Amino acid sequence: MFSLLSKTTPPPDPKAPLVKLEEVYKTYTNGAMGLQGINLTLKRGEFLWIAGVSGAGKSTLLKLLYGAERPTAGKVWVDHQSVNSLSSRQLAQLRRRIGVVFQDYKLLPKHTVAENVSFVLKTLGYGQGEIRRRLWPTLRLVGLESKADCFPHQLSGGEQQRVGIARAIVHTPLLLLADEPTGNLDARNMQMTLGILDELHQAGVSIIVTSHDEALIKQTSHTIVTLDQGRLLPPSEGMPAALKKKPESL
Ligand code: ADP
């Protein structure tokens, strides 16, 4: 059978980090410093929190991972691929293995919950049978089966965020990136969202979540790194829980 891997190309190492940033800098065209000299790795199956106040560079870091921004200097690898050197076709293929959750949900306002979630699968070329097979378990996971026919404006903020999560995971990504996913939620919906992320992590998804909420981050048992003015702080200066574990990335 034809194989894309030639005999001389070794198969990717499953123990290699899923995400790796090496001396990454991002300066925006207006001179704003997004990131300065970031070195960070995420192992497969790991759950990493990125803490930091507004403007610290959290969104910039995630954008580099899904190719929405390119680094000014340094290297960014995701799943064995150097993101900065991918063609737009290769980048589209990489994005199939990534799910992104946004703080402001970014739902399609004129489409139902079911349509918002199915839309991702349609654009990835899935057929109707596979879309049905994936849609309902995903809506069940986020507790929205009964809201499948509702439009976004008929949902609470927490429910809209859960649609955002459903949309990010319906294609079974390897890596889930969640940018301040609890930023607009009340305590109950925040806990529900964190519960869903934990469930996904237990199912094997690698996760990076950002937050400016120190009280929220203090609750976690996962690894935490802290960004400050585009730089990663050493664990002793970051969030207290960062001291519980010593991330290999620092
Ligand atoms: P955070 O997500 O932690 O709030 P960001 O990554 O959004 O931080 O922003 C980091 C820095 O980069 C800030 O100073 C911000 O103003 C700047 N920045 C972010 N996006 C842009 C952009 N598109 N153009 C110019 N500056 C930007």
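Here goes a summary of the coordinates provided. Worth saying up front: this structure is predicted, and the values here are computed from it rather than measured.

Regarding the overall build of the protein
Now for step 1: In terms of helices and strands, the protein carries seven helices and 10 strands.
Now for step 2: Here the protein holds 250 residues, and the buried ones make up 48% of them.
Now for step 3: The contacts in the protein between residues at least 6 apart in sequence include a share of 69% that link residues at least 24 apart.
Now for step 4: Of the accessible surface of the protein, which amounts to about 12,800 Å², a share of 53% is contributed by carbon and sulfur atoms.

Considerations on the site of the ligand
Now for step 1: Taken together, 13 residues form the shell around the ligand, and within it Gly55, Gly57, Lys58, Ser59 and Thr60 come nearest.
Now for step 2: A distance of 3.4 Å separates a nitrogen atom of the ligand from a polar atom in the side chain of Tyr28.
Now for step 3: For the ligand, an oxygen atom lies 2.7 Å from a polar atom in the side chain of Ser59.
Now for step 4: Relative to its unbound accessible area of 560 Å², the ligand is 65% covered by the protein chains.
Now for step 5: Looking at which element gives the most residues to the shell around the ligand, the answer is helix 1 (residues 58-65), with three residues.

Remarks on the sheet that holds strand 9 (residues 223-228)
Now for step 1: Read from one edge to the other, the open sheet built from six strands follows the order 6-7-8-3-9-10, with strand pairing classed as mixed. A strand with exactly one partner marks an edge of an open sheet, and here the two such strands are strand 6 (98-101) and strand 10 (231-232).
Now for step 2: Of the pairings in the sheet, the one linking strand 6 to strand 7 (residues 175-179) comprises four bridges and is parallel in character. Looking at the pairing, Ile98 lines up with Leu175 of strand 7.

Thoughts on the pattern of salt bridges
Now for step 1: Counting across every chain of the model gives 10 salt bridges.
Now for step 2: With a shortest N-O distance of 2.9 Å, Arg44 and Asp79 are connected by a salt bridge. With a gap of 35 residues between them, Arg44 in the loop between strand 2 (33-42) and strand 3 (47-51) and Asp79 in the loop between strand 4 (73-78) and strand 5 (81-82) connect regions that are remote in the sequence.
Now for step 3: The class for Arg44 is partly exposed, based on a relative accessible area of 31%.
Now for step 4: Of the residues examined, Asp79 reaches a relative accessible area of 13% and is grouped as buried.
Now for step 5: Linking Arg97 and Asp79 is a salt bridge whose minimum nitrogen-to-oxygen distance equals 2.8 Å. With Arg97 in the loop between helix 2 (88-95) and strand 6 and Asp79 in the loop between strand 4 and strand 5, the pair connects residues that are 18 residues apart, well separated along the chain.
Now for step 6: The network of salt bridges with common partners includes Arg44, Asp79 and Arg97.

Some words on the sheet that holds strand 1 (residues 19-27)
Now for step 1: The four strands lie next to each other as 2-1-4-5, forming an open sheet whose pairing is antiparallel. The sheet terminates laterally at strand 2 and strand 5, the two strands that pair on one side only.
Now for step 2: With two bridges connecting them, strand 4 and strand 5 associate as antiparallel partners. Each bridged residue has a counterpart across the sheet, and for Trp77 the counterpart in strand 5 is Ser82.

What to know about the pairing of strand 7
Now for step 1: Burial of strand 7 is extensive: five of the five residues sit out of reach of the surface.
Now for step 2: What you see with strand 7 is no split at all: Leu175, Leu177 and Asp179 on one side and Leu176 and Ala178 on the other are buried throughout.
Now for step 3: Bridge count between strand 7 and strand 8 (residues 206-211): five bridges; the pairing is parallel. Note that in strand 8 the partner of Leu177 across the bridge is Ile208.
Now for step 4: One crossover worth recording links strand 7 to the parallel strand 8 by way of helix 6 (residues 187-202), and it is right-handed.

Thoughts on the packing of aromatic side chains
Now for step 1: By the definition in use, this model includes two aromatic pairs.
Now for step 2: Both rings, one in Phe47 and one in Trp49, keep their centres 6.1 Å apart while their planes meet at 20°; by these two values the pair is stacked.
Now for step 3: Classification of Phe47 as buried rests on a relative accessible area of 4%.
Now for step 4: Measuring from centroid to centroid gives 6.4 Å for Tyr66 and Phe102, while their planes differ by 85°, and the two rings are edge-to-face. Here Phe102 lies in the loop between strand 6 and helix 3 (113-123) and Tyr66 lies in the loop between helix 1 and strand 4, a separation of 36 residues in the sequence.
Now for step 5: The lysine or arginine in question, Lys26, covers the ring of Tyr28, its NZ or CZ lying 5.2 Å from the ring centre.
Now for step 6: Seen from the ring of Phe102, Lys106 lies directly overhead, with NZ or CZ sitting 5.1 Å from the centre.

Scoring rules and cut-offs
- Residues numbered from 1 in each chain as written.
- Predicted model: local features only at pLDDT ≥ 70, side-chain atom pairs only at ≥ 80, totals over all residues.
- Heavy atoms only, no water.
- Helix = DSSP H or I, 4+ residues; strand = E, 2+ residues; numbered from the N terminus.
- Buried < 20%, exposed > 50% of the residue type's maximum accessible area, 1.4 Å probe, protein only.
- Contact = heavy atoms within 4.5 Å.
- Areas by Shrake-Rupley, 256 points an atom, 1.4 Å probe, with all protein chains shown as cover.
- Near = heavy atom within 4 Å.
- Polar contact = N/O pair within 3.5 Å; in protein donor to acceptor, adjacent residues only side chain to side chain.
- Pairing = 2+ DSSP bridges.
- Salt bridge = Lys/Arg side-chain N within 4 Å of Asp/Glu carboxyl O.
- Right-handed = clockwise from strand over helix to strand, strands pointing away.
- Phe/Tyr/Trp six-rings, centres within 6.5 Å; stacked < 30°, edge-to-face > 60°.
- Lys NZ or Arg CZ within 6 Å of the ring centre and 35° of its normal.

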